[in-house]
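# Coordinate analysis (summary)
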Amino acid sequence: MNASIIHQSVPTPVCKQTPVSVATPDGGLLYTGFKCINYVAAPPTDGKHDIAGCGVKTMSTRITVNALDVSPLWGKIKNKSDGSLEKHGKHFATVAEDLSVQVWDCEVGEVIIGHKAHQHQHEARDVRVQPLINVMLSYMANGNILSIDASDLVIYCIASNSYCRRPTFVSPRNHQLTALRCSPYDENLFALGTAAGTVLICDLLKMSIVYKLSSHGPSASICSLAWREMSTIHGAIEEKKPEHDADKKIEQWRNSANAASKAPLLKSKATEADEPFDIYNFDHLESEFGAPAKVRSQRHSKSSDDVGDFVGLEKPTSNVNLDFMEACENMKADLRAQRTQTQAPPQMEVTLQDCQQSDVQCPRSDSESHNSQKQEHSESTEGSLELLQYSSSSDDAVIVDGEAPKPKREVLHHIYHQAEVHDAPESPQLKAAAQPAPVAASTDSLDKFSTISSKKPDMLLVSINANDVVQVWNANTGGHCAKNYNKSNATGKDKQVHWLSDQSIVCLSRQQLVFYMLEYDCKTHRYKIQKDQKLKCVAQDILTMSANTANQHIWLNLASRRVCSMNPRTGQFITLYGCLPLGVRAIAECPDDMNKIALGCSDKRLALFDISKLSTHCIQIDSLSVNSAVYALCWSPDCLELAYGTHDGIVGILNVERMKVKTTFRVLHKREVYSLVWQDNYIYFIADRELGIYDVTQPNKAATVLRNLTRPSYICVRGSFLFVGTEDGFLQLYERQPGAEQSMTALRQITLLARYVTDIAFNPLQRQQFAVAGHDKLLHVLEFKPQERNWNKLHTFTCSDAKASITSLKWSNLQSHLLLSFHIEGKVCLWNTQQPQQPPLTITYHCPMWCGLFLPYDENIILCSGKSLSLEFVNIRQALANNDKTICCKIDALLKVKWANKTLVSGATAGVSAAQKKRQRRNERKAHAPSNEQPALKLQQQNTNEEPTVESLLATLSLGGKSNVNQLQMECQKCKESQALQDNFLAHSRTCLCLTQRELNKQALDKLAIVLTEDAAQIDKSVLMSKLFSTKVMAKELIAAELTNLKQSNNKDIAPLCLSVATFKVREEIEQHIENKTLNEWHLSVAPAVSYVFWQKVCKAYAAQLEQQGFILHAATYLMAIDLQADAINLLLKHEYFREALAYARIHLPATDAMIKTIINKWLEQLEKTGNFAAAALICVLDNEMLRGYSYLRKFRNCTPEIADLMEQIKRIGQLGALFDDNCVPKGEQPLEEAA
């Protein structure tokens, strides 16, 4: 197979939490995956295959993407200012989980610009805990971005990288927004869908709602919207045809011999529309209005001069100087223009300045007006501009020609307009200012022009709600065009709607596609919608759908982890891509068929990938769920089954042919299985630092654990030999006894790495050569000698990164000297054992890399998998030819973002924040403060200057230092008072008989009146003080009443305990506190009054209470007091008080007790986790474990001369020279043959 058809990446499955997809203008697809965005390019139509233009690209976003839209200028050619052509970038926009709007460049795979206008200060929160704010996004027709949330509307300018945020004009109380779609044909229009089932068509320029469409009903929310501008103008063709036929008949009659006969009667289009003045046919009427036909053309050409005397609205007495034909034509044109006008023109008013400019003078008196009328008695001044303007001084109604009263402003405007059109001779300035009118066209041309200019193509908007009701609206008029109901009960599921063409609509409902056909009815001038049976789709598990209007293909994201492009006319798939999630943790190729690859996915699935079937249009991947993330894989000896190990410690067997789990073994530890080997009928695995063996022939049998192997981390089996890598960086060699799989004999051990071993890989061509790598920068290549039970070190490669960590290794299947290593720091290195001095070819990524391999049929292509990419194919052929050493495949997408600023308020001055304004006002008040306030200001400044610094505040937090006077001054006053109240609480307790005290202090007179009544029953019931002067029984009743009152008031004083001791009910009182876990030292003090055993019980309960409160040392103290030394040591060990636990163990336990060794091991593990290797080595040497102490010193990344000297002394004292044949070389002194 040609390498040019290899895709660069395998797409990831669509994110089921936020499934969003959109088709690009060039026919590709963009959709959201789990914390990533996938781009699938359109398949080539010319049959040529280009890896750069046809493939898959995965872009990591770090967090979830909530919204996605593509730019309408995607890849278009634009003209620059200098006349050259420039191609627009392939940009798309997203709304991230943190409410930031990001603009991506698909060609680069990075975020270039963005804004955070929706991130308000009062909403600074952890997005994983707090609910998300619904931010919707859509591209405008001009390439800018509109985003809306519940309170704000943000317009983002891409060219200037600035945004404008305004409060939204849609009330969030009445409309909960669920969908947004900007019009791709008008940059000011956008549509909103609400949860109440209402569609709002809004104008961004006017910041208002143009149409409110509510035919969906209030039962379901709007799920999706789509715009479409129809390519044909309905109604223009129908009106044009009869007019053309009528003209043709008239022309035939004129050219005929009997032209003098009566003209044929024709029904014109205007007559059908009930239009006035259509009863006259001006071309064949003779002397209808007193004008002979011979001079009609002359009068028509001189109409502007002849009608110069008529400028008003009154009909003249004679028709000698008036051309009625032209008047009818003008009136007909005006009426038609008013009828076909889509929007009324703005009303204009004639002001005094307009009249002055037209040289109209106001008569100063009635006499002057009368004289002017006498001088011009031959001309009619009734209804003229001067008479109408000055006939009334107010805006009252004016009656003209006996018609209904009209407002004066309207009449003035009409007359002023007529005066300009007819060019009145008495207004010379109007005549000079008026422009020459064009030659009057014929009636036919006028009809044609008015019809074409008034008609516009329909702009339709289709919507779908949660009940599958599809509505089509006319966005030009706000009218309802068509409606269709889908009989389903799929309320609440994702619905989508798209236009395929002017006549086809596709909807996603119940994970299926439904096609509708839209037709225009010329008779009713309405659209009809019905289901289209010609288009079809056989897919049943569709999650998202995107329609490409250019080629009318549909992109589908299926629940079976596939992405495909479908032709709706045939129902067949054009392209088909299998999907893999991010973070493939394990990869294993079949020994019999190298093209068959098994993948362990992080989304609890197993996948099988046949590379031989890979093509531009198809990536076939089969997957199966195993309910846990897969960490290890290995093939069976016959290559018919596959063993896998998961994150939960599960080891199972998969039948490859049936794609079904055959066996699942018993779980040994619920920890990840990070090594797996299948040898004969046994499966070796490592989990939780223990090596176990499963017998394949006995699937119900528990695993056999090999206890003699300490702290293993990786295992490799070669015949009868076991190569075991440990967590301390040791490589151990064991030999199995024949017939006894559980019996292992240790042969050799060598230390290679400072930390745990992650992989042991044997060369498939040179069978005795293997490589060892781990959590270290060193990579060792060794040669095994089976006869000698030994190995020789061939090469040692050193990574350039000081904190390097290698996750896995892979040898080439065709070239024995090539070795791949995958690094946790985001690198893939290609090592050459024939040239160990040369640096490796390094492929850099932005995420940790887990595993990979060479492509079986072309090893110039490397398959890589990492934490933030699924499976990527990297072509290294050109890099090897050019002798390059670095290939940068991907970088951090959010590394070079240029965040936008808010639009400037005025000129070049930026807006001032509220805090800055407040600070300015405070400074102004201080500057203008009177003199008597200056001392107070100085005192305030002194107090401000005396505030403690950060260093002093941090010093107060030290636990070992002594408190000084400054620390005491900085303590909180409330804390002091509460602490003093707690310490001196006993001194302020004046009584435990609160009810009796209340009677003496507040109710003494009332109680005295009751006592003086000498009513014994009333006195015993109402006066508690009387019980003190009565019998012993009455006194106990008084104490019982006081004790009940104290418990109800939740009194934490010593009064309840005091009263309990007085009534000999200490046990009941303390047991109640034990149950409520409210014991204190007072209860422990009086507990021995009951018994010694009861005191021990109270101490143990109090220790458990203190442990829950976090007072570990206090709890251990009470346990030691009641002679529970073992419990106290376990308590200290549990909470990592290793020093105290070891001290108590040395005193109270025998020297050979296993608890002492357990404490030391736990302590060393804790020090290793925290990186305190020096302390761990010291403890090991003190415990006489020289080998373990030496291994801890080797974990230092920078081996200084001091550390090297200490290691030599440990080797000398512990006699470890034969075990460690390598020495720690300080940094800068490494030999050249070992450094790469």
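The structure displayed is predicted, hence computed values, not measured ones. (Residues numbered from 1 in each chain as written. Predicted model: local features only at pLDDT ≥ 70, side-chain atom pairs only at ≥ 80, totals over all residues. Heavy atoms only, no water.)

## Thoughts on the overall build of the protein
As a reminder of what qualifies: For the purposes of this entry, the term helix denotes a DSSP run of H or I that reaches at least four residues, the term strand denotes a run of E that reaches at least two, and both are numbered from the N terminus. For the exposure calls, accessible area comes from a 1.4 Å probe over protein chains only, and a residue counts as buried if that area is under 20% of its type's maximum, exposed if over 50%, partly exposed in between. Whether two residues touch is decided by their heavy atoms; if any such pair falls within 4.5 Å, the residues are in contact. Throughout, the Shrake-Rupley method with a 1.4 Å probe supplies accessible areas, and for residues the shown protein chains are the sole cover considered.
For the protein, the count of helices and strands is 32 helices and 63 strands. The buried share among the 1236 residues of the protein stands at 43%. Across the protein, the fraction of contacts at a sequence separation of at least 24, relative to all contacts at a separation of at least 6, is 50%. Put simply, the protein shows about 67,100 Å² of open surface, and 51% of that area lies on carbon and sulfur atoms.

## Section: the confidence of the model for the protein
Heads up, the condition is: Every residue carries a pLDDT, the predictor's confidence in it, which falls somewhere between 0 and 100.
Scored by pLDDT, the protein comes out at a mean of 75, with 68% of its residues at no less than 70. Below a pLDDT of 50 lies the segment residues 47–53, which in the model reaches 10 contacts outside its immediate sequence neighbourhood of four places, other chains included. Under a pLDDT of 50 for its full length, residues 266–320 has, in the predicted model, 71 contacts with residues more than four places off or in other chains.

## Structural notes on the side chain of Asp203
What counts here: The convention is simple: Lys and Arg are positive, Asp and Glu are negative, and His and the chain ends are not counted. A pairing counts as a salt bridge when a side-chain nitrogen of Lys or Arg comes within 4 Å of a carboxyl oxygen of Asp or Glu. Polar contacts, as counted here, are pairs of nitrogen or oxygen atoms within 3.5 Å of one another; within protein the pair requires one atom able to donate a hydrogen and one able to accept it, and residues that are adjacent in sequence qualify only if both atoms are side-chain atoms.
Structurally, Asp203 is set in strand E17 (residues 199–203). Buried Asp203, no salt bridge; nearest opposite-charge side chain is Lys206, N-O distance 4.5 Å. One polar contact links the side chain of Asp203 to the main-chain amide nitrogen of Leu205, over a distance of 2.9 Å. Setting aside residues up to four positions removed in sequence, Asp203 forms contacts with Phe169, Asn188, Leu189, Phe190, Ser208 and Val210.

## A few points about the sheet that holds strand E10 (residues 110–115)
Note the cut-off: Pairing between strands is defined by DSSP: at least two bridges between them are needed.
The strand order E5-E8-E9-E10-E62 describes an open sheet built from five strands, whose pairing is mixed. Taken across any chain shown, the strands that pair with only one partner, and hence form the sheet edges, are strand E5 (65–70) and strand E62 (898–899). Of the strand pairs in this sheet, E10 and E62 are connected by two bridges, and their pairing is parallel. From the neighbouring strand, Gly114 faces E62, where its bridge partner is Trp899.

## A look at the packing of helix H28 (residues 1138–1148) against helix H29 (residues 1154–1170)
Short version of the rule: Helix axes are fitted to C-alpha atoms over the stretch in contact, other axes to C-alpha atoms as well, and angles between N-to-C directions run from 0 to 180 degrees. For classification, angles of less than 35 degrees are called roughly parallel, those exceeding 145 degrees roughly antiparallel, those between 65 and 115 degrees roughly perpendicular, and all remaining angles oblique. In this scheme the crossing of two helices becomes right-handed for a clockwise turn of the near helix relative to the far one and left-handed for an anticlockwise turn of less than a right angle. Amino acid classes used here: Ala, Val, Leu, Ile, Met, Phe, Trp, Tyr, Cys and Pro are nonpolar; Asp, Glu, Lys and Arg are charged; the rest, including Gly, are polar.
As a packed pair, H28 and H29 sit with axes 10 Å apart at the nearest point and diverge in direction by 165 degrees. The angle between H28 and H29 places the two elements in the roughly antiparallel class. For the crossing formed where H28 meets H29, the hand is left-handed. In this structure, H28 contributes Phe1138, Arg1139, Ala1141, Leu1142, Ala1145 and Arg1146 to the contact, and H29 contributes Ile1156, Ile1159, Ile1160, Lys1162, Trp1163 and Gln1166. Class assignment for the residues of the contact of H28 with H29 results in eight nonpolar, one polar and three charged.

## Let's talk about the pairing of strand E54 (residues 806–811)
Of all six residues that make up E54, five are buried, and the element is covered over most of its length. Alignment of E54 against strand E55 (residues 818–823), held across five bridges, turns out to be antiparallel. Counterpart to Ile806 in the pairing with E55 is His823. Remark: six residues form the turn of the hairpin made by E54 and E55, two consecutive strands paired antiparallel.

## Thoughts on the pattern of salt bridges
Oppositely charged side chains may form a pair once their charged atoms are brought near each other. Under the definition given, this model contains 23 salt bridges. As a salt-bridge pair, Arg877 and Asp858 come within 2.7 Å of each other at their nearest N and O atoms. Placement of the pair is Arg877 in helix H12 (residues 877–881) and Asp858 in strand E59 (residues 858–866), with a sequence separation of 19 residues. A salt bridge links Asp1183 to Lys1157, with the shortest nitrogen-to-oxygen separation between them at 2.9 Å. With a gap of 26 residues between them, Asp1183 in the loop between helix H30 (1173–1182) and helix H31 (1186–1193) and Lys1157 in helix H29 connect regions that are remote in the sequence. A residue is classified by how much of its surface remains accessible, and Asp1183, at 23% relative accessible area, is partly exposed.

## Some thoughts on the environment of Val70
Within the secondary structure layout, Val70 lies in strand E5. A relative accessible area of 10% places Val70 in the buried class. In this structure, the C-alpha to C-alpha distance between Val70 and Lys90, residues 20 residues apart in sequence, is 8.5 Å. Residues contacting Val70, with those up to four places away along its chain left out, are Val22, Ala23, Thr24, Pro25, Leu30, His91, Phe92 and Tyr139.

## Digging into the packing of aromatic side chains
Defined as follows: Two rings from Phe, Tyr or Trp (for Trp, the six-membered ring) form a pair when their centres are within 6.5 Å of each other. A pair whose planes differ by under 30 degrees is stacked, one over 60 is edge-to-face, and the rest are tilted.
Applying the stated criterion across every chain, the model contains 17 aromatic pairs. Considering the side-chain rings of Phe723 and Phe784, the 5.0 Å spacing of their centres and the 80 degrees angle between planes classify their relative orientation as edge-to-face. Here Phe723 is found in strand E47 (residues 721–726), whereas its partner Phe784 is found in strand E52 (residues 778–785), with 61 residues between them in sequence. You'll find Phe723 and Phe784 in the same group, each marked buried. Both rings, one in Phe723 and one in Trp791, keep their centres 6.3 Å apart while their planes meet at 35 degrees; by these two values the pair is tilted. Within this pair, whereas Phe723 is found in strand E47, its partner Trp791 is found in strand E53 (residues 790–798), the two being separated by 68 residues in sequence.

## Topic: the side chain of Thr807
Positionally, Thr807 belongs in strand E54. Overall, the relative accessible area of 18% leaves Thr807 in the buried class. At a separation of 3.0 Å, a polar atom in the side chain of Thr807 contacts the main-chain carbonyl oxygen of Met849. Polar contacts involving the side chain of Thr807 include one to the main-chain carbonyl oxygen of Trp850, which spans 2.9 Å. Setting aside residues up to four positions removed in sequence, Thr807 forms contacts with Thr758, Asp759, Phe822, His823, Ile824, Met849 and Trp850.

## Looking at the nonpolar core
Note that soluble globular proteins tend to have their nonpolar side chains buried in a common cluster. For clarity, the threshold we go by: Buried Ala, Val, Leu, Ile, Met, Phe, Trp, Tyr and Cys residues form a nonpolar core when they are joined through side-chain atoms within 4.5 Å.
Core analysis: the biggest nonpolar cluster contains 48 residues, and Ile1070, Val1098, Ile1159, Leu1164 and Tyr1192 have the highest contact counts within it. Ranked by residue count, the leading element in this core is helix H25 (residues 1092–1109), at seven residues. Beyond its immediate chain neighbours, meaning those up to four positions away, Val1098 contacts Ile1070, Ile1074, Leu1079, Leu1084 and Ala1087. In this structure, Val10, Val56, Leu614 and Leu855 belong to the second largest nonpolar core, which totals 31 residues.

## Section: the environment of Ala466
Summarising the element assignment, Ala466 is placed in the loop between strand E22 (459–465) and strand E23 (469–474). In this structure the C-alpha to C-alpha distance between Ala466 and Gln496, which are 30 residues apart in sequence, comes to 9.8 Å.

## A few points about unusual backbone geometry
Unusually for a residue other than glycine, Lys35 sits at a positive phi of about 55 degrees. Of note, Lys35 is situated in the loop between strand E2 (29–33) and strand E3 (36–40). On the basis of relative accessible area, Lys35 is assigned to the partly exposed category, the value being 33%. Positioned with a positive phi, Cys639 is a non-glycine residue whose angle comes to about 60 degrees. Secondary-structure assignment places Cys639 in the loop between strand E38 (630–635) and strand E39 (641–646).

## Thoughts on H30
Note the following rule: It is the directions from the helix axis to the C-beta atoms whose arc is reported.
Of all the positions in H30, only Phe1173, Ala1176, Ala1177, Ile1179 and Cys1180 are classed as buried. The buried residues of H30 occupy an angular sector of 160 degrees when projected down its axis, which confines them to one face. Among the exposed residues of H30, those oriented more than 90 degrees off its buried face are Leu1178 and Leu1182. In this structure, the buried residues of H30 make contact with H29 and H31.

## What about the sheet that holds strand E37 (residues 621–625)?
A sheet is described by the order of its strands in space; here four strands give the open sequence E33-E34-E35-E37, paired in antiparallel fashion. Across the chains shown, the open sheet's two edge strands, defined by having one partner strand only, are strand E33 (586–589) and E37. If you compare each strand with its neighbour and ignore which way they point, the axes differ by 20 degrees on average. Relative to strand E34 (residues 596–600), E33 is paired through four bridges, and the arrangement is antiparallel. Following the sheet pairing, Ile587 is matched in E34 by Leu599.

## Some points on a nonpolar patch on the surface
Under the convention used in this document: Patch membership requires over 30% relative accessible area and the absence of a salt bridge. Like charges are linked within 9 Å, and nonpolar side chains (Val, Leu, Ile, Met, Phe, Trp, Tyr) within 5 Å.
Among the surface-exposed residues, Leu1005, Leu1008 and Leu1012 lie close enough to one another that they form a single nonpolar patch of about 360 Å² accessible area. By the secondary structure assignment, Leu1012 is in helix H19 (residues 1004–1012). Leu1012 gets classed as exposed once you look at its relative accessible area, which sits at 62%.

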